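Analysis of the macromolecular model
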Amino acid sequence: MSRVNSSGLTPVFFILNGVPGLEAAHIWISLPFCFMYILAVVGNCGLIYLISHEEALHQPMYYFLALLSFTDVTLCTTTIPNMLCIFWFNLKEIDFDACLAQMFFVHMLTGMESGVLMLMALDRYVAICYPLRYATILTSSVIAKAGLVTFLRGVMLIIPFTFLTKRLPYCRGNCIPHTYCDHMSVAKVSCGNFKVNAIYGLMVALLIGVFDICCISVSYTMILRAVVSLSSTDALHKAFSTCTSHICAIVMTYVPAFFTFFTHRFGGHTTPHHIHIIVANLYLLLPPTINPIVYGVKTKQIREGVIKFLLGDKVVFTQDN
């Protein structure tokens with residue numbers, strides 16, 4: 001039975017139902033998610049620690065990577081522990097204001113993750129196309145300002161989500177068929193007109209996602225033009241190698257993101273709901289899990305830093321840019 005406040009239109013709490021249709025398999029679904037979450041926390045915290053303590057990694061590329069790791073581990077921590085409580089202990093209730101707060105942080109952090117990936121693409125563009133000016137262009141001040149602008153962009157664009165969602169009447173119930181409070185999942189529970197929510201959500205997706213992808217595409221187009229002009233095979237291989245891990249991060253972030261976004265708006269009747277919910281969770285968990293592994297394998301200086309940390313040996317760091 002739904003409880004509401006004195007207005008009769010705002011529930012005291014929402015009920016997150018997990019993965020609809022697969023309730024009997026919640027325990028089995030939780031196991032890989034729990035394992036991935038542990039890997040994400042250990043991997044990203046390890047990267048942040050390594051970058052902060054190894055002087056050889058005090059370079060723009062690794063500062064952006066540390067920012068991406070912080071964003072990733074914070075993002076998955078806003079949802080996965082709550083999801084595991086639903087799966088393991090059947091704790092499905094979430095306070096109305098707590099739900100709005102979770103919704104804000106999920107969308108703000110996903111927007112920030114997209115922005116950091118864009119900054120990393122610009123970093124690779126400067127490193128490959130202007131290698132002699134790399135350190136003078138991307139100074140510590142520039143990096144700090146770029147990170148702050150990316151953060152403020154996400155905050156300013158996502159704050160209206162909370163007000164647009166809070167104004168809606170919830171007179172039909174308070175059950176959300178999801179594992180966390182996603183903007184459109186919460187809005188669709190309302191008995192009011194949420195067209196404004198859908199339109200504003202589309203605008204934010206264009207302002208953040210499409211803009212960032214355009215910047216990334218332009219950066220890699222310029223990188224490709226610069227790389228193909230290189231006469232040295234070793235230089236060509238090195239240039240491609242420095243971009244491979246970042247391209248993997250971009251693919252893992254944007255493919256499930258676009259699937260989730262378009263399913264919510266255009267494929268709700270053709271895509272099984274449990275598939276949509278599982279992909280929505282992978283969208284938040286897969287990049288934080290895989291990114292530290294990809295960067296650890298593909299980036300020579302990080303590999304050397306990990307070996308030095310584990311074995312305590314003196315490792316000579318080589319430039320990887």
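Structural notes, computed from the coordinates. Everything quoted here is computed from the prediction, not taken from an experiment.

**Quick word on the overall build of the protein chain**
- The number of helices and strands found in the protein chain is eleven helices and three strands.
- Moving toward the C terminus, one meets the helices and strands of the protein chain in the order β-α-α-α-β-α-α-α-β-α-α-α-α-α.
- Buried positions account for 48% of the 321 residues belonging to the protein chain.
- Put simply, 76% of the contacts in the protein chain that link residues at least 6 apart link residues at least 24 apart.
- As presented, the protein chain carries roughly 15400 Å² of accessible surface, and 72% of it is formed by carbon and sulfur atoms.

**Quick word on the packing of helix H6 (residues 140-166) against helix H8 (residues 195-228)**
- Following both chains from N to C, one finds H6 and H8 inclined at 165°, their axes separated by 10 Å at the closest point. Taken as axis vectors, H6 and H8 run roughly antiparallel relative to one another. Classified by chirality, the crossing of H8 by H6 is left-handed. The residues of H8 that touch H6, namely those facing Arg153, Met156, Leu157, Ile158, Pro160, Phe161, Leu164 and Thr165, are Val196, Asn197, Tyr200, Gly201, Val204, Leu207, Ile208, Phe211 and Asp212.
- By residue class, the composition of the contact of H6 with H8 is twelve nonpolar, three polar and two charged.

**Structural notes on the state of the cysteines**
- Within this structure, the stated rule accounts for two disulfides.
- Residue Cys171 pairs covalently with Cys191 via a disulfide, S to S 2.0 Å. The sign of the 115° torsion about the S-S bond sets the Cys171-Cys191 disulfide as right-handed. Of the two residues, Cys171 is situated in the loop between H6 and strand E3 (175-176) and Cys191 in the loop between helix H7 (183-187) and H8; the sequence distance between them amounts to 20 residues.
- For the protein chain, the bonded cysteines connect in the pattern 1-3, 2-4 when numbered consecutively along the sequence.

How each quantity is defined
- Residues numbered from 1 in each chain as written.
- Predicted model: local features only at pLDDT ≥ 70, side-chain atom pairs only at ≥ 80, totals over all residues.
- Heavy atoms only, no water.
- Helix = DSSP H or I, 4+ residues; strand = E, 2+ residues; numbered from the N terminus.
- Buried < 20%, exposed > 50% of the residue type's maximum accessible area, 1.4 Å probe, protein only.
- Contact = heavy atoms within 4.5 Å.
- Areas by Shrake-Rupley, 256 points an atom, 1.4 Å probe, with all protein chains shown as cover.
- Axes fitted to C-alpha atoms, helices over the stretch in contact; angles between N-to-C directions.
- Parallel < 35°, antiparallel > 145°, perpendicular 65-115°, else oblique.
- Left-handed = near helix turned anticlockwise from the far one by under 90°.
- Nonpolar A, V, L, I, M, F, W, Y, C, P; charged D, E, K, R; others polar.
- Disulfide = S-S within 2.5 Å.

Remember that the coordinates give geometry; whether it matters functionally is a separate question.
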